[in-house]
Amino acid sequence: MYQAKDLAQFIDHTLLKPDAVSSEIVKICAEAKEYHFKSVCVNPCYTKLVAKELAGTEVNTCCVISFPFGSEPSSVKAEAAKQAKLDGADEIDMVINVGKVKEHDYAYVEADIASVVEAAKDAKIKVILETCYLTDEEIVEACKAAKAAKAAFVKTSTGYGKGGATVEAVKLMRETVGPDMGVKASGGIRSYEQAVKMIEAGANRIGASSGIKIVSGN
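About the thresholds
- Residues numbered from 1 in each chain as written.
- Predicted model: local features only at pLDDT ≥ 70, side-chain atom pairs only at ≥ 80, totals over all residues.
- Heavy atoms only, no water.
- Core = buried A, V, L, I, M, F, W, Y, C linked by side-chain atoms within 4.5 Å.
- Buried < 20%, exposed > 50% of the residue type's maximum accessible area, 1.4 Å probe, protein only.
- Contact = heavy atoms within 4.5 Å.
- Pairing = 2+ DSSP bridges.
- Helix = DSSP H or I, 4+ residues; strand = E, 2+ residues; numbered from the N terminus.
- Axes fitted to C-alpha atoms, helices over the stretch in contact; angles between N-to-C directions.
- Salt bridge = Lys/Arg side-chain N within 4 Å of Asp/Glu carboxyl O.
- UniProt positions renumbered as here; feature names shortened; annotations may be inferred.
- 1 Å grid on protein atoms, 1.4 Å probe; cavity = no way out; pocket = protein on both sides within 12 Å on 5 of 7 lines; lining within 4 Å.
- Polar contact = N/O pair within 3.5 Å; in protein donor to acceptor, adjacent residues only side chain to side chain.
- Parallel < 35°, antiparallel > 145°, perpendicular 65-115°, else oblique.
- Left-handed = near helix turned anticlockwise from the far one by under 90°.
- Nonpolar A, V, L, I, M, F, W, Y, C, P; charged D, E, K, R; others polar.
- Points joined across faces, edges and corners; volume = space filled by probe spheres on them.

So, about the nonpolar core. Ile92, Ile113, Leu129 and Ile206 are the most contacted members of the largest nonpolar core, which has 70 residues in total. Those residues in contact with leucine 129 that lie beyond four places of it in its chain are Ile96, Val98, Leu134, Ile139, Ala142, Cys143, Val154, Lys155, Thr156 and Met173.

What follows is the structure, encoded as structure tokens:
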């Protein structure tokens, strides 16, 4: 069994509310440093601020792009990734084009992801599948596309869809991508017990706004 404090290195300490302000971003950066979380994940306008606040620490700077719908053209996603990297992002969570997955246009999906991977240089790309909208077969094919495009992670959810992370989706994603690619569970994970279930299912990263609660064993 995991000790609660051991979960800190799994956690992307996240604040993606549309009304988030700079003082709240500074606060979560301070929390991430105190609790030794893996990263701080924010909307792209705050990437520079997070990078500044986390400079000289082991906490990574993470931002989202094409969030929460994933429906921008690939060229726009690539430019957003390039800017995020310039602003100091170590990791970028991009939303997959869900509609193209539903159409089973997996060539488009792979090329879309690859454009972001290429633009982001050495920043780790996490591909948000928004699994609540996908069948098991579509989850498998989307994972294969992300792996072929050389993304670093597949991720369950934005937290803004009709459902969040599930143990079943995490297991399926891990089975599909194998042991060497990351799997991030995100969306509705608010307790230590939920986080442990996701890790046991195969997640090696947890996206949560309740990171402090999780590592406190609550």
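Don't stop here, the text continues.
As summarised here, the arrangement of the eight strands in space is β1-β2-β3-β4-β5-β6-β7-β8, forming a closed barrel in which the pairing is parallel. Neighbour to neighbour, the strand axes of the sheet diverge by 25° on average, direction disregarded. Relative to strand β8 (residues 205-208), strand β7 (residues 182-186) runs parallel, the two sharing three bridges. Pairing of alanine 185 across the sheet is with isoleucine 206, part of β8.

Moving on, we get to the pattern of salt bridges. For side chains of opposite charge, pairing can occur when their charged atoms come near one another. According to the stated counting rule, one finds 18 salt bridges in the structure shown. Aspartate 6 is the partner of lysine 5 in a salt bridge, and the nearest nitrogen-oxygen pair spans 3.5 Å. The exposure class of lysine 5 is exposed, given its relative accessible area of 63%. Given a relative accessible area of 38%, aspartate 6 falls into the partly exposed group. Between lysine 126 and aspartate 12 there is a salt bridge, with the nearest N and O atoms lying 3.3 Å from each other. Placement of lysine 126 in strand β5 (residues 124-128) and of aspartate 12 in strand β1 (residues 11-15) is noted, with a sequence separation of 114 residues between them. Residues lysine 126 and aspartate 12 agree in their burial class; the two are buried.

Cross-referencing UniProt, the feature "active site" (unreviewed entry) maps to Asp93, Lys155 and Lys184 in the present numbering. With the annotated positions falling across 92 residues, the maximum pairwise C-alpha distance of 10.1 Å places them together in a single cluster. The annotated residues contributing to the lining of the largest pocket are Lys155 and Lys184. Among the secondary structure elements, aspartate 93 is positioned in strand β4 (residues 91-95). Once residues lying within four places of it in the same chain are set aside, the contact partners of aspartate 93 are Cys41, Cys62, Cys63, Val64, Ile65, Lys126, Ile128, Lys155 and Lys184. Of note is the side chain of aspartate 93, whose polar atom sits 2.9 Å from the side chain of lysine 126. Other than its neighbours up to four places away in sequence, lysine 155 contacts Asp93, Val127, Ile128, Leu129, Glu130, Met173, Lys184 and Ser186.

Along β8, one buried face is formed by Arg205 and Gly207 and the opposite face, lined by Ile206 and Ala208, is buried too. Where β1 lies against β8, three bridges are found, and the strand directions are parallel. If you follow isoleucine 11 over to β8, its bridge partner there is isoleucine 206.

Time to look at the packing of helix α3 (residues 74-86) against helix α5 (residues 106-119). Contact geometry for α3 and α5: axes closest at 7 Å, N-to-C directions at 25°. Classed by the angle they form, the pair α3 and α5 counts as roughly parallel. Of the two elements, α3 crosses α5, and the hand of that crossing is right-handed. In this structure, α3 contributes Ser74, Lys77, Ala78, Ala81 and Lys82 to the contact, and α5 contributes Tyr108, Asp112, Ser115, Val116 and Ala119. Here the residues of the contact of α3 with α5 sort into five nonpolar, two polar and three charged.

The buried category is assigned to lysine 126, whose relative accessible area is 0%. Here the side chain of lysine 126 touches aspartate 12 through a polar contact of 3.3 Å, side chain to side chain. In this structure lysine 126 touches Asp12, Cys62, Glu91, Ile92, Asp93, Met94, Phe153, Lys184 and Arg205, once residues within four positions along its chain are discounted.

Turning to the layout of surface pockets, a few remarks are in order. Each pocket or cavity is described by its volume, and for the largest pocket that value is around 380 Å³. Lining the largest pocket are 19 residues, with Thr158, Gly159, Gly187, Gly188 and Ser209 positioned closest to its centre. When residues of the lining of the largest pocket are traced back to their parent elements, those giving at least two are β1, β7 and β8. Among the residues making up the lining of the largest pocket, the classes are represented as five nonpolar, 10 polar and four charged.

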